[in-house]
Amino acid sequence: MSRTTTTTTGNATPGIHLDARVLSTLEANKSFNYHQGASITSLDFDDAGQYLISSGIDKSIQLYDCHKGTHVKDIQSQKYGAHSARFTHEELNCLYVSTPEGSSSTAEAITTGGENDTIRYLSLNNNQYIRYFKGHKAQVSSVEVNPVDNTFMSASYDGSVKVWDLKSSSAVGNVEVGCNSVIGYDPQGVVFGIGKCGTNKDGKEVGVVKLYDLKSFDKAPFLVKEVPVLKGQKWNKLEFSNNGKLILIATDSPEHYVLDAFLGDILAIVRLAISSSPEKTMSWMQFKYPYTGCCTFSPCGRYLFVGSPKCTINIYDVSGLQANKEKGRPVILSRTTNVLQTSSCGGVPKIVAFNPRLFELASADTTVTLWLPTEK
C-alpha cells in the first residue's frame, strides 16, 4: 500500500533504470494551464502513479491522467479554497485544506479562523465530501498521508501537528510545536519528522528537526537535531527518501539540506547560485503564497531534483553522501556538481514531484508540466 514503493532494483518504471544517461533524456512532454494562470501551491501523485492532482489559489483542484497525458477533471472549491491536496489510499479520494490567504510570514495567514481550519476529505469521482476533520485553531498549512495505512498528519499555523485516522473526525494525537512546521513520514510509516525554523535562546536563527516514533509520539522525540539556516529562510518541505536513508529539508532560499535519516547529521547542503545582494538572495524562491517545496527525491532515493528561479531543474546524485560523512562536514552541492540542468518550459519550477511508479517528473508554477524520457 506504500505510496512510494519501487522495485528492489530501484527502477521507477519496470525496464528503465534511473541513471544519469537516462535522466539526460528528460524533456517536457505536456503542459496544462487549467488553473488559468493562477499560482499553483501543491502537486501529488496517487499510489499507482496513474493520477496527479494540483491545487491552486484559484480555489480549484485539477485532476490529470498520467498514463494518457490528459486533463480529467476540474474540481471547484470556491467557498473554501484548495491547498495541499493529497491522495489517500482509496482510489480518487483526496484530502485538502483551504487556500492560503497570503504569505506565510504575515499575520493574516495565521489568524484565519472558522472554516479555513477544517481539513476536507473528498471523493473526486462524485465530488462528494466523505468527512470533515476539525480541531486546528488556525489555518492548516500542510497535510501528509501515512504511506502504509489510513492515517495522516496535518500542520497548522496554530503551532500544532495533529495525527488523524480517516475513519474519525477527531484527531487521535497532537504535538505542540509552537509555530508552523513542516512534516513527513518515513517510508515504513512508523516514524515521522517535524521541522521548524525559529530563534534559539541565544537569539540566533536556527532550524530544528525532531523525529518521533508513531507509536509513542505523545512522548519526547527520540532524535533532535539543529540545522543551520539563512537569515529569513522559511522551510516548506520535509521528505524522507524512499530507501529510508535520507531526509530532505526544502526551503524558499537558495539553500536546501540533506540529512542522515538515522543520525540526523547534515550530509549535504544544496547551494544554488547565490546573488551578492542579500535582498535578491532571500527573495530567491519567495512567493506571495506558500507552496509545497521545489525539491524532491527520485523513487529510488539516489537522485535529488531541485527547481530554481532560473527556470531550471537541477539533478544531483546523492547516493554517495553517507559514505562521505566521515569527513566531518557536509558536502556542498552546487551548480557545478549537478548531473543535469533541464530548462523548464512551464515557468519557475517552484514545485517538483516525481511519479512513484512511472518514470515521469512533474513541475508547477502557474502551469503543470510533465517530463518524460525520450530516446537519444
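- As named in an unreviewed UniProt entry, the chain is COMPASS component SWD2, taken from Candida viswanathii.
- In the Subcellular location (unreviewed entry) part of its UniProt record, the chain is described as follows: "Nucleus".
- Its UniProt record gives the chain a comment under Sequence similarities (unreviewed entry), which states: "Belongs to the WD repeat SWD2 family."

**Focus on the pattern of salt bridges**
Close approach of charged atoms allows side chains with opposite charge to pair.
Here comes step 1: Under the defined criterion, the tally for this structure stands at five salt bridges.
Here comes step 2: In this structure, the salt-bridge partner of Glu 144 is Arg 86, at a minimum N-O distance of 3.8 Å. Note that Glu 144 is positioned in strand S10 (residues 140-145) and Arg 86 in strand S6 (residues 83-87), a separation of 58 residues in sequence.
Here comes step 3: Glu 144 sits in the partly exposed class, given a relative accessible area of 23%.

**With respect to the side chain of Arg 86**
Here comes step 1: By relative accessible area, Arg 86 is classed as buried at 6%.
Here comes step 2: Among the polar contacts listed, one links the side chain of Arg 86 to the backbone oxygen of Leu 43, at a separation of 3.2 Å.

**Some thoughts on the nonpolar core**
Here comes step 1: Membership of the largest hydrophobic core comes to 34 residues, with the highest contact counts inside it found for Leu 43, Leu 52, Leu 304, Tyr 316, Val 318 and Val 368.
Here comes step 2: Broken down by secondary-structure element, the contributors of at least two residues to this core are strand S2 (40-45), strand S19 (246-251), strand S21 (266-271), strand S22 (295-297), strand S23 (303-308), strand S27 (351-354), strand S28 (361-364) and strand S29 (368-373).
Here comes step 3: Ranked by size, the runner-up nonpolar core spans 17 residues in total, among them Val 227, Trp 235, Phe 240 and Ile 266.

**Overview of the confidence of the model for the chain**
Here comes step 1: Per-residue confidence for the chain gives a mean pLDDT of 88, with 86% of residues at or over 70.
Here comes step 2: Here residues 1-13 scores under 50 on pLDDT; set against residues more than four positions off or in separate chains, the count is 41 contacts.
Here comes step 3: In this model residues 103-112 is a low-confidence stretch, pLDDT under 50, and it forms 16 contacts with partners more than four residues away in sequence or in other chains.

Conventions we followed
- Starting from 1, residues in each chain are numbered consecutively following that chain's sequence as written.
- Residue-level local features of this predicted model are given only where pLDDT is at least 70; pairs of side-chain atoms are given and counted only at 80 or more, and the full residue set underlies all totals for whole chains, interfaces and linings.
- Excluding hydrogens and water, the side-chain values take into account all heavy atoms of the structure.
- UniProt positions are given in the numbering used here, feature names are shortened, and annotations may be inferred rather than shown by experiment.
- Counted as salt bridges are all cases of a side-chain nitrogen of Lys or Arg within 4 Å of a carboxyl oxygen of Asp or Glu.
- Each helix corresponds to a stretch of at least 4 residues labelled H or I by DSSP, and each strand to a stretch of at least 2 residues labelled E; elements are numbered beginning at the N terminus.
- Any residue under 20% of the maximum accessible area for its type is buried, any over 50% is exposed, and the rest in between are partly exposed; the area is computed with a 1.4 Å probe on protein chains only.
- We call two N or O atoms a polar contact when they sit within 3.5 Å, provided that within protein one can donate a hydrogen and the other can accept it, with sequence-adjacent residues counted only if both atoms are side-chain atoms.
- Take the buried residues of types Ala, Val, Leu, Ile, Met, Phe, Trp, Tyr and Cys, join any two whose side-chain atoms come within 4.5 Å, and each joined set is a nonpolar core.
- For every residue, the predictor reports its confidence as pLDDT, a number between 0 and 100.
- Any two residues having at least one pair of non-hydrogen atoms within 4.5 Å are treated as being in contact.

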